[in-house]
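# A closer look at the structure
Chain by chain, the residues run as shown.
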Amino acid sequence: ELSCVRCHKPDAADKSAKGLAERTGPNLTDIGKRVHPGWLDAWLADPHRHRPNTVMPKMFADTPAGKAERYAVVAYLASLGK
């Protein structure tokens, strides 16, 4: 349900995976024109705090390494469309 099967191809015999729906994420083209880097950082830190029903999982650990990874992703996304 998180659209894992878009990137992670299950074995052809995996009956559970056949029932999973594919979901397309949002278009991130020019996202740097549409959102503030602070919002991106807050969203990526904890998507469920901002939208409890989102399917976006929390991707970054609450560790120095996780925060550094999140910062790099925010910097990249914020640069798109500038």
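What counts, and where the lines are drawn
Residues numbered from 1 in each chain as written. Predicted model: local features only at pLDDT ≥ 70, side-chain atom pairs only at ≥ 80, totals over all residues. Heavy atoms only, no water. Helix = DSSP H or I, 4+ residues; strand = E, 2+ residues; numbered from the N terminus. Buried < 20%, exposed > 50% of the residue type's maximum accessible area, 1.4 Å probe, protein only. Contact = heavy atoms within 4.5 Å. Expected span 1.5 Å × (residues − 1). Arc of directions from axis to C-beta. Salt bridge = Lys/Arg side-chain N within 4 Å of Asp/Glu carboxyl O. Phe/Tyr/Trp six-rings, centres within 6.5 Å; stacked < 30°, edge-to-face > 60°.

## Let's talk about the overall build of the protein chain
Check the secondary structure of the protein chain and you find 5 helices and 0 strands. Along its sequence from the N terminus, the protein chain presents helices and strands in the succession α-α-α-α-α. Out of the 82 residues belonging to the protein chain, those deemed buried represent 21%. When contacts within the protein chain are restricted to residue pairs at least 6 apart in sequence, those whose partners lie at least 24 apart make up 44%.

## Topic: helix H3 (residues 37-45)
Those residues of H3 lying buried are Leu40, Trp43, Leu44 and Ala45. Where H3 is buried, its residues contact helix H2 (31-34), helix H4 (47-50) and helix H5 (64-79).

## With respect to H5
Between its terminal C-alpha atoms H5 stretches 23 Å, which fits the 22 Å expected from 16 residues at 1.5 Å a residue. Three or more residues of H5 are buried, namely Gly66, Arg70, Val74, Leu77 and Ala78. Angularly, the buried residues of H5 cover 100° about the axis, an arc narrow enough to put them on a single face. Opposite the packed face of H5, turned more than 90 degrees from it, sit the exposed residues Pro64, Tyr71 and Tyr76. Each element contacted by the buried residues of H5 is listed here: H2 and H3. Directly beyond the C-terminal end of H5, a positive phi value near 90° is found at Gly81.

## A look at the side chain of Arg70
Within the element layout of this structure, Arg70 appears in helix H5. Of the residues examined, Arg70 reaches a relative accessible area of 10% and is grouped as buried.

## Describing the environment of Tyr76
Locating Tyr76 in the fold gives a position in helix H5. Residues Tyr76 and Gly32, 44 residues apart in the sequence, show an inter-C-alpha distance of 8.8 Å.

## Comments concerning the pattern of salt bridges
Think of it this way: side chains of opposite charge can pair up when their charged atoms draw near. Throughout the structure, instances matching the rule amount to 3 salt bridges. The closest approach of N and O atoms between Asp62 and Lys58, which form a salt bridge, is 2.8 Å.

## A few points about the packing of aromatic side chains
Within the structure shown, the criterion is met by 1 aromatic pair. For the pair Trp39 and Trp43, a centre-to-centre distance of 5.6 Å together with 5° between the ring planes defines the contact as stacked. Of this pair, Trp39 and Trp43 both sit in helix H3, 4 residues apart, which is roughly one turn of the helix.

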